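Residue strings, one per chain:
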Amino acid sequence: MGFSAAIAGASGYAGGELLRLLLGHPEAEIGAVTAGSNAGTPLIQHQPHLRPLADRVLAPTTVEELSGHDVVYLALPHGQSADLAQQLGDDVLVVDCGADFRLNDPAAWERFYGTPHAGTWPYGLPELPGQRAKLAGARRVAVPGCHVTIATLALFPSLAEQLVEPEATVVSVTGTSGAGKAPKPHLVGSEIMGALSPYGVGGTHRHNPEIVQNLTAVTGERVRLSFTPVLAPLPRGILATCTAPLRSGVTPAQIRAAYETAYAGEPFTDLLPEGTWPSTAMTLGANTTLVQVTVDPDAGRMVAVAALDNLTKGTAGGALQSTNIALGLPEATGLPLAAVAP
């Protein structure tokens, strides 16, 4: 079955990645491409790598432009999806790459985003236990945050099997595209090159409650989280180091077995062979998450390290993976497994 797709926010990084992947999807027909302040300008001016779409002009982001498609992707700043989504029909699959519908707890939303909670949609992380069934046939999907995807996939197998205590420390090093395409002084070349800098320190990052939500759901106990994101001079990619205290008597073999079981048969998440550690370069442009796990016996902690491309598996790839499931297509359709190297 083919489907027509509209992309709101097509001039940004997430919108551009969605278009790149949709161009390679055998069932997708790209319809309206829209933007806010960039409306009326050629798409190729903002996405020069998308040569097959060189004739497209960005339309305004309105319900009229987005209507009439089978799938509408919202690659908009946080807080801008809810009003549009309410005006789109229930028969349209709306996939939100922003945060508007990710959180279950209205109080957590209001604390971290400062606006009224718009609601909660089926969550676009198929690897979470039971999530594929919730996505099948869905007409609304909330795509996870990129740090959330990597932290959840790195930690949940050990928590779900009660092998570690319900507390975790995550240090997540990310490229600059995660901050969006709008010019920001701290992201200009002279500021970011040769520098690493933390941000959202002390539990203030907006992905914090979302990670807690996911991990609490799989373990049944509220998970305490210390999450520190770090900005690196990379255009794209995330490398996360995640640790948690071992429960009494748990062995390294039990930890590894939990990850082998969780990711056996998963098309896009791989547990690497022992002794091989993930690198962001291994995932560039691919819809993959690579995980390695070990035990630090002196610290009594499980250590999981994971890598993904924040624009692919961390955003647009996760959106298209969820789209395939919602539409009843093979989950891997149109999604790259091979990364770009060097």
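About the cut-offs
- Counting restarts for each chain: residues are numbered from 1 in the order of the written sequence.
- Per-residue local features of the predicted model are confined to residues with pLDDT of at least 70, and side-chain atom pairs are confined, for both listing and counting, to 80 or more; whole-chain, interface and lining totals are unaffected and use all residues.
- Heavy atoms from the whole structure form the basis of all side-chain values; hydrogens and water molecules are not counted.
- If DSSP finds at least two bridges between two strands, the strands pair.
- Strands are runs of DSSP state E lasting at least 2 residues, helices are runs of H or I lasting at least 4, and numbering of each runs from the N terminus.
- In what follows, residue pairs with any heavy atoms lying within 4.5 Å of each other are defined as contacts.
- Only the contacting stretch of a helix is used when fitting its axis, a line to C-alpha atoms as for every element, and angles between N-to-C directions run 0 to 180 degrees.
- Aromatic pairing here means that ring centres of Phe, Tyr or Trp (its six-membered ring) are within 6.5 Å. Orientation follows from the plane angle: under 30 degrees is stacked, over 60 is edge-to-face, and everything else is tilted.
- Buried residues are those whose accessible area, probed at 1.4 Å on protein chains only, stays under 20% of the maximum for their type, while exposed residues exceed 50% and partly exposed ones sit between those limits.
- Pairs of N or O atoms within 3.5 Å make up the polar contacts considered here, provided that, within protein, one atom can donate a hydrogen while the other can accept it, and that residues adjacent in sequence are counted only when both atoms are side-chain atoms.
- Multiplying one less than the number of residues by 1.5 Å gives the expected span of a helix.
- The bend at a residue is defined as the angle formed between two axes, one fitted to the seven residues ending at that residue and one fitted to the seven starting there.
- We define a nonpolar core as any set of buried Ala, Val, Leu, Ile, Met, Phe, Trp, Tyr and Cys residues linked to one another through side-chain atoms lying within 4.5 Å.

A.B. asks: Which parts of the structure should I look at to understand the sheet that holds strand 3 (residues 59–60)?
C.D. replies: Paired through backbone hydrogen bonds, the strands of a sheet run either parallel or antiparallel to each other. Within the open sheet, the 6 strands sit side by side as 3-2-1-4-5-6. Their pairing is parallel. Unpaired on one side and paired on the other, strand 3 and strand 6 (140–142) mark the two borders of the sheet. As paired elements, strand 1 (residues 3–8) and strand 2 (residues 28–35) share 5 bridges and run parallel to each other. Across the sheet, residue Phe-3 finds its bridge partner in strand 2, namely Ala-28. Docked against the sheet, helix 1 (residues 13–23) engages strand 1, strand 2 and strand 4 (71–74), running at close to 165° with respect to strand 1.

A.B. asks: I tried to follow the packing of aromatic side chains on my own but got confused; where do I start?
C.D. replies: Given two aromatic rings, their pairing is described by the distance between the two centres and the angle made by the two planes. By the definition in use, this model includes 4 aromatic pairs. Between Phe-101 and Trp-121, the aromatic rings sit 3.8 Å apart at their centres with planes inclined by 5°, giving stacked as the arrangement. Of the two residues, Phe-101 sits in the loop between strand 5 (93–96) and helix 5 (106–113) while Trp-121 sits in the loop between helix 5 and helix 6 (131–135), which places them 20 residues apart along the sequence. According to the relative accessible area criterion, Phe-101 is buried, its value standing at 4%. A residue is classified by how much of its surface remains accessible, and Trp-121, at 13% relative accessible area, is buried. An angle of 55° between the planes, with centres 6.4 Å apart, marks the rings of Tyr-259 and Tyr-263 as tilted. Note that Tyr-259 and Tyr-263 are positioned in helix 10 (residues 252–263) at a spacing of 4 residues, about one turn of the helix.

A.B. asks: I tried to follow unusual backbone geometry on my own but got confused; where do I start?
C.D. replies: For residues other than glycine, phi is negative in most cases, and the peptide bonds are mostly trans. With omega at 0°, the peptide bond leading from Ala-341 into Pro-342 counts as cis. Relative to the helices and strands, Pro-342 is located in the segment after helix 11 (312–327). Here Gln-162, not a glycine, exhibits a phi torsion of approximately 60°, which is positive. With respect to the secondary-structure elements, Gln-162 resides in the loop between helix 7 (146–160) and strand 7 (167–174).

A.B. asks: Would you mind going over the environment of Gln-321 with me for this structure?
C.D. replies: Locating Gln-321 in the fold gives a position in helix 11. In this structure Gln-321 comes out as buried when scored by relative accessible area, which is 0%. Put simply, Gln-321 and Glu-331 are 10 residues apart on the chain and 5.8 Å apart in space, counted from C-alpha to C-alpha. Within the structure, Gln-321 has its side chain in polar contact with the side chain of Glu-331 (distance 2.7 Å).

A.B. asks: Sorry if this is basic, but what is going on with helix 11 here?
C.D. replies: Given 3.6 residues per helical turn, the α-helix brings residues three or four places apart onto the same face. The end-to-end C-alpha separation of helix 11 is 20 Å, well short of the 22 Å expected for 16 residues at 1.5 Å each. Bending of helix 11 peaks at approximately 45° at the position of Gly-318. Taking burial as the measure, the 16 residues of helix 11 include 16 buried ones, the bulk of the element. Backbone geometry just after helix 11 places Gly-328 at a positive phi near 80°.

A.B. asks: Is there a simple way to explain the environment of Pro-233 in this structure?
C.D. replies: Mapped onto the elements of the fold, Pro-233 is located in the loop between strand 9 (224–231) and strand 10 (238–245). Along the primary structure Pro-233 and Val-143 are separated by 90 residues, whereas in three dimensions their C-alpha atoms are 25 Å apart. Once residues lying within four places of it in the same chain are set aside, the contact partners of Pro-233 are Ile-192, Met-193, Gly-194, Ala-195 and Leu-196.

A.B. asks: What is the right way to look at the nonpolar core in this model?
C.D. replies: For soluble globular proteins, the rule of thumb is that nonpolar side chains tend to be buried together. If you look at the biggest cluster of nonpolar residues, it comprises 41 residues, and the most contacted ones within it are Leu-155, Ile-255, Tyr-259 and Met-302. Taken together, the elements giving at least two residues each to this core come down to helix 7, strand 7, helix 9 (208–219), strand 9, strand 10, helix 10, strand 12 (289–296) and strand 13 (301–308). Element by element, the count of residues in this core is highest for helix 7, at 9 residues. Apart from residues no more than four positions distant in its own chain, Ile-255 is found in contact with Ser-158, Leu-163, Val-164, Leu-246, Val-250, Val-293, Val-295 and Met-302. Core analysis: the second largest hydrophobic core is formed by 36 residues, Tyr-73, Leu-327, Leu-329 and Leu-335 among them.

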